[in-house]
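An overview of the molecular structure
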Amino acid sequence: MSDIIDSLKQGANQVLSNIDQEGHLKSAIEGLRTQWSEVERRRKLGQLGNQIKTLQTEMKQLTEALGLQVLSLYDAGKISHPELARLCERIDELRSEITERRTELNELKAQTATMTSQCPKCQAQVTAGSEFCPKCGASLQIQPPPASTPSQTVTRLRCPKCKTVLSKGTTFCPTCGVKLKMPSSASTPKHFCASCGAQIGANAQFCPACGQPVTQAP
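Residues numbered from 1 in each chain as written. Predicted model: local features only at pLDDT ≥ 70, side-chain atom pairs only at ≥ 80, totals over all residues. Heavy atoms only, no water.

1. What about the overall build of the protein?
Formally: The way it works is that DSSP assigns letters per residue, a run of H or I at least four long becomes a helix, a run of E at least two long becomes a strand, and they are numbered from the N terminus. Relative accessibility thresholds used throughout: buried, under 20% of the residue-type maximum; exposed, over 50%; partly exposed, between the two (1.4 Å probe, protein chains only). Residue contacts follow a heavy-atom distance rule, with two residues in contact if any of their heavy atoms lie within 4.5 Å. Residue burial considers only the protein chains on display, and all accessible areas are found by Shrake-Rupley using a 1.4 Å probe.
The secondary structure content of the protein amounts to three helices and eight strands. N-terminal to C-terminal, the α/β element order of the protein is α-α-α-β-β-β-β-β-β-β-β. Put simply, the protein has 218 residues, and 15% of those count as buried. Intrachain contacts of the protein at a sequence separation of at least 6 include 24% that bridge at least 24 residues. Accessible area for the protein stands at about 17,300 Å²; split by element, carbon and sulfur atoms hold 56% of it.

2. Section: the nonpolar core
The line we're drawing: Only buried Ala, Val, Leu, Ile, Met, Phe, Trp, Tyr and Cys residues count toward a nonpolar core, and they belong to the same one when joined by side-chain atoms within 4.5 Å.
Core analysis: the biggest nonpolar cluster contains six residues, these being Cys119, Ala124, Val126, Cys133, Ala138 and Leu140. Beyond its immediate chain neighbours, meaning those up to four positions away, Ala138 contacts Cys119, Lys121, Glu131, Phe132 and Cys133.

3. Re the environment of Cys207
Relative to the helices and strands, Cys207 is located in the loop between strand 7 (199-200) and strand 8 (214-216). Residue classification places Cys207 among the buried positions, given a relative accessible area of 4%. In sequence terms Cys207 and Phe192 are 15 residues apart; their C-alpha atoms lie 8.7 Å from each other. Setting aside residues no more than four positions away along its own chain, Cys207 makes contact with Cys193, Cys196, Ala198, Ile200, Gln212 and Val214.

4. Overview of the pattern of salt bridges
Note the following rule: Whenever a carboxyl oxygen of Asp or Glu lies within 4 Å of a side-chain nitrogen of Lys or Arg, that contact is scored as a salt bridge.
Under the counting rule described, the total for this entry stands at eight salt bridges. Measuring nitrogen to oxygen at the nearest pair gives 2.3 Å for the salt bridge that ties Arg43 to Glu40. You can see Arg43 and its partner Glu40 sitting in helix 2 (residues 25-75), three residues apart, about one turn around the helix. Look at Arg43 and you get partly exposed, because its relative accessible area is 38%. In this structure, Arg101 and Glu100 form a salt bridge, with 3.7 Å as the shortest nitrogen-oxygen distance. Among the ionic contacts, a cluster of salt bridges with common partners joins Glu38, Arg41 and Arg42.

5. Quick look at the state of the cysteines
What counts is decided by this rule: Whenever a pair of cysteine sulfur atoms sits within 2.5 Å, that pair is classed as a disulfide.
Within the structure shown, the criterion is met by zero disulfides. The structure places no disulfide on Cys136, whose sulfur is separated from the nearest cysteine sulfur, that of Cys122, by 3.6 Å. Given a relative accessible area of 33%, Cys136 falls into the partly exposed group. Unpaired in terms of disulfides, Cys162 finds its nearest cysteine sulfur in Cys173, a separation of 3.5 Å. On the accessibility criterion, Cys162 (30% relative accessible area) is partly exposed.

Read these as geometric descriptors, not functional statements.
Shown next, in the form of structure tokens:
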């Protein structure tokens with residue numbers, strides 16, 4: 001609609017220009033009529049084109065519905081026309097082939113999924129069993145977690161007041177100055193975890209405080 005209005009404005013301006021310049025009103029009117037006819041012709045062309053597309057869409061839908069109806073009659077054994085029966089047989093063969101190809105496609109996709117995996121570093125697809133990624137070179141081998149190193153059980157002397165670790169043979173605590181009573185040789189030494197310093201039993205295999213495995217010091 002805007003194109004039609006623009007054309008009319010342009011034609012009217014041309015009429016006024018012709019009147020002002022030459023005074024040939026008749027020729028200007030004829031030019032305006034010609035422009036109007038061209039605008040109307042283009043409008044009809046577009047309208048007819050849209051109508052044809054609408055009719056073609058409806059015809060396609062009806063043709064598909066007709067074909068489905070004929071196939072239903074063929075499946076029910078009610079088609080006797082030889083040409084229609086031949087076309088329906090071919091369509092039936094095509095449907096079977098499509099089903100077979102889809103089954104093969106799904107099986108191939110399943111096999112591909114089991115044969116490939118993703119690189120944990122760059123997310124590229126790699127073949128199952130590969131040791132290194134072909135794109136970034138990252139190792140694809142699963143690394144076992146590092147084994148924890150067992151702590152040795154050590155015998156330590158501690159201040160009974162401030163719990164400072166004491167050197168062997170110390171008489172006074174270097175932190176609080178309390179006089180120390182040295183254990184006799186017959187007394188049982190105390191054992192402490194080398195990881196957290198908690199006291200543990202002489203035959204303990206794991207620290208009761210931090211859970212780290214311990215071994216007896218040689």
